[in-house]
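Fold and geometry: a report
So the chains spell out like this:
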Amino acid sequence: MARIDLQEVAHSYAKRPKSEADYALKRIHNTWNDGGAYALLGPSGCGKTTLLNVISGLVTPSQGQVLYNGKDVTDLPPEKRNIAQVFQFPVLYDTMSVFNNLAFPLRNRGVEESDVKKRVMEVAEILDLTPFLHRRAAGLAADAKQKISLGRGLVRSDVAAILFDEPLTVIDPHLKWHLRRKLKEIHEQLKLTLIYVTHDQTEALTFADQVMVMYEGELVQIGTPQELFENPQHKFVGFFIGSPGMNFLTCTLEGNIARVDGANITLDDDTVALAQKAQGKMEIGIRPMYLEVHSKSIQDGIPAAVTSVEDQGSFKIVTVNMAGYTLRARLPEDQAVPSNQGWLRFPKQWTKLFVDGRLVHK
Ligand SMILES: Nc1ncnc2c1ncn2[C@@H]1O[C@H](COP(=O)(O)OP(=O)(O)OP(=O)(O)O)[C@@H](O)[C@H]1O
């Protein structure tokens, strides 16, 4: 396994890029540690596959270097990089048995037959493929075939990293959860460097130790699922992670007060001190679970109209209208919700300030 460094990597598919908008990857400078489980998360078209292909060698970046364990591999093709890749759709030999499919990447590299058997059995066991080992791949269902593809990616222990590009797309929803758990287990057992591309936050958050969030060709935040939830560094992370996403309101600053169309929201002193130098569009952001909704007027409470209440079982999502903004609050199941008029409170420690989409922080 390897540590992978991307140094000032940028990529444009255009022959003569004219502006930043022509770049699928704008500037990526980061390290993927040996043995880490990473998820690359972002919306369609943000550059995830391009980044994965830069790492594997399918795409040579227009600028910058790719290093494996400190060695520059930027110009090496995929077959010289010793990478395993698992794609959205199964890649396997239909006419071969499941065993021979799993053994193929090892035999191809001249691994001793006794070691081939040992490793294939190990991987088949992890993926619950043991009962199918002597069946031909052709007769199996789509999800079993994709498990074989995963197995072909996992079977070699000498690879620098295993790259997964949305590997669970063809899998039934109820099996997805099971396979995600399996991948996590495999990572814990085999200590492989895994990079997993997805646009599904649940998939990313259950699989990875570190989630890398991409937006418009940039890595906008790298962190644990908890860090991304509690401290989104970019408006997009606030909006994309969590369900529903963060609430945002445009504001102006007056002292330590954020003014939102006549409503006053108090910010914490550190944020205010840092914001003095900031210039640009100011917005406050608060997660639905931290926005308080009260039935009676409270000190510093801001009047709001309750427009709907959705019961989600263990919690409820309350939609309110405040100063022309539609906001969502996530309340415990047993909390009473005002039927019409309510009062909102924005706890200081959970009310974040963003300038031009980026969090104001130390
Ligand atoms: N071969 C190509 N030629 C030209 N433009 C491309 C090519 N591949 C990707 N792009 C463009 O580069 C940008 C990033 O695409 P990429 O496929 O890397 O995004 P993605 O995040 O993987 O999207 P998805 O989740 O839909 O697969 C998009 O604007 C896309 O249209």
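Computed from a predicted model, the values in this text were never measured in an experiment. (Residues numbered from 1 in each chain as written. Predicted model: local features only at pLDDT ≥ 70, side-chain atom pairs only at ≥ 80, totals over all residues. Heavy atoms only, no water.)

**Points about the site of the ligand**
Residues in contact with the ligand, as listed here, are Y13, A24, P43, S44, G45, C46, G47, K48, T49, T50 and E166. Taking C46, its main chain carries an N or O atom lying 3.1 Å from an oxygen atom of the ligand. Here the ligand has 630 Å² of accessible area as a free molecule, and 53% of this is covered by the chains. A breakdown of the residues in the shell around the ligand according to their chemical character gives 4 nonpolar, 5 polar and 2 charged. (Near = heavy atom within 4 Å. Polar contact = N/O pair within 3.5 Å; in protein donor to acceptor, adjacent residues only side chain to side chain. Areas by Shrake-Rupley, 256 points an atom, 1.4 Å probe, with all protein chains shown as cover. Nonpolar A, V, L, I, M, F, W, Y, C, P; charged D, E, K, R; others polar.)

**Focus on the side chain of E203**
Its place among the elements puts E203 in helix 6 (residues 201-207). Setting aside residues up to four positions removed in sequence, E203 forms contacts with L168, K176, R180, Y196 and T198. (Helix = DSSP H or I, 4+ residues; strand = E, 2+ residues; numbered from the N terminus. Contact = heavy atoms within 4.5 Å.)

**Description of the domain arrangement of the protein chain**
Assigned domains of the protein chain: these are domain 1 (4-234) and domain 2 (243-359). At the interface, 8 residues of domain 1 touch 10 residues of domain 2. Across the interface of domain 1 and domain 2, roughly 880 Å² is buried in total on both sides, 51% from carbon and sulfur atoms. Among the residues of domain 1 in contact with domain 2, F229, P232 and H234 are the three that bury the most area, contributing 55% of the side total. Run the count over domain 1 and domain 2 and you get 1 salt bridge. R358 is the partner of E218 in a salt bridge, and the nearest nitrogen-oxygen pair spans 3.6 Å. (Domains from an automatic or database assignment. Buried area = accessible area lost by both parts, 1.4 Å probe. Salt bridge = Lys/Arg side-chain N within 4 Å of Asp/Glu carboxyl O.)

**As for the environment of A2**
By the secondary structure assignment, A2 is in the segment before strand 1 (4-11). Once residues lying within four places of it in the same chain are set aside, the contact partners of A2 are W32, N33, D34, N69, A160 and T193.

**Things to note about the nonpolar core**
Burial of nonpolar side chains together is a common tendency in soluble globular proteins. V120 and F164 are the most contacted members of the largest nonpolar core, which has 50 residues in total. With residues up to four places along the chain from it excluded, the contact list for F164 reads L52, V86, L150, L154, L183, L194, I195, Y196 and V197. (Core = buried A, V, L, I, M, F, W, Y, C linked by side-chain atoms within 4.5 Å. Buried < 20%, exposed > 50% of the residue type's maximum accessible area, 1.4 Å probe, protein only.)

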